[in-house]
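# Coordinate analysis (summary)
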Amino acid sequence: MSEALRVDSVITTFTDSEAETGSQTLRECVEDALNSYFQHLDGHPTGELYKMVMEEVEEPLFRSVLDYTGGNQSKASELLGINRGTLRKKLKMYGLHD
């Protein structure tokens with residue numbers, strides 16, 4: 001299984017169970033998911049963890065913000081606090097552009 005899939009499955013498994021109780025903050029969920037990821041590595045090497053985690057977080061963040069703003073990229077970039085050009089670049093990277 002690839003590293004990205006392992007992170008995704010760990011995050012999905014964890015957040016699904018926690019969604020029932022709603023007792024953890026996003027920060028706590030991320031920390032627990034990463035701890036679980038490291039346990040599942042079982043000593044195997046990994047690389048580009050920062051990139052992998054950012055990609056796992058950014059795409060749903062952009063999807064949610066675009067949904068919230070009704071697809072308005074100007075409002076989305078303002079809400080995110082990033083330049084509209086940067087947002088467009090990221091949307092293209094994740095295949096979320098028009």
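The text that follows walks through the structure, step by step, so that each part is easy to find. No experiment lies behind these values; they were computed from the predicted model shown. (Residues numbered from 1 in each chain as written. Predicted model: local features only at pLDDT ≥ 70, side-chain atom pairs only at ≥ 80, totals over all residues. Heavy atoms only, no water.)

### A short note on helix 5 (residues 84-93)
- Backbone nitrogen of Gly-85 and a side-chain oxygen of the N-cap are separated by 2.5 Å at the start of helix 5; the cap is Asn-83.
- Backbone geometry just after helix 5 places Gly-95 at a positive phi near 70 degrees. (Polar contact = N/O pair within 3.5 Å; in protein donor to acceptor, adjacent residues only side chain to side chain. Helix = DSSP H or I, 4+ residues; strand = E, 2+ residues; numbered from the N terminus.)

### Comments concerning the packing of helix 4 (residues 73-80) against helix 5
- For the pair helix 4 and helix 5, interaxial distance at closest approach is 9 Å and the crossing angle is 105 degrees. With respect to each other, helix 4 and helix 5 are oriented roughly perpendicular. Every residue of helix 5 that contacts helix 4 at Gln-73, Ser-74, Ala-76, Ser-77 and Leu-80 is listed here: Arg-84, Leu-87, Arg-88 and Leu-91.
- Split by residue class, the contact of helix 4 with helix 5 holds four nonpolar, three polar and two charged. (Axes fitted to C-alpha atoms, helices over the stretch in contact; angles between N-to-C directions. Parallel < 35°, antiparallel > 145°, perpendicular 65-115°, else oblique. Contact = heavy atoms within 4.5 Å. Nonpolar A, V, L, I, M, F, W, Y, C, P; charged D, E, K, R; others polar.)

### Considering helix 4
- For helix 4, the full list of buried residues reads Gln-73, Ala-76 and Ser-77. Buried residues of helix 4, seen end-on, are gathered within an arc of 95 degrees and therefore sit on one face of the element. Across from the buried face of helix 4, at angles greater than 90 degrees, the exposed residues are Lys-75, Glu-78 and Leu-79.
- Of the surrounding elements, those touching the buried residues of helix 4 are helix 3 (49-68) and helix 5.
- Among the residues of helix 4, the N-terminal cap falls to Asn-72, whose side-chain oxygen and the backbone nitrogen of Ser-74 are separated by 3.0 Å.
- Backbone geometry just after helix 4 places Gly-81 at a positive phi near 75 degrees. (Buried < 20%, exposed > 50% of the residue type's maximum accessible area, 1.4 Å probe, protein only. Arc of directions from axis to C-beta.)

### Digging into the side chain of Glu-58
- Residue placement: Glu-58 occurs in helix 3.
- With a relative accessible area of 13%, Glu-58 lands in the buried category.
- At 2.5 Å, the side chain of Glu-58 and the side chain of Tyr-94 are in polar contact.
- Those residues in contact with Glu-58, other than ones at most four positions away along the chain, are Lys-90, Met-93 and Tyr-94.

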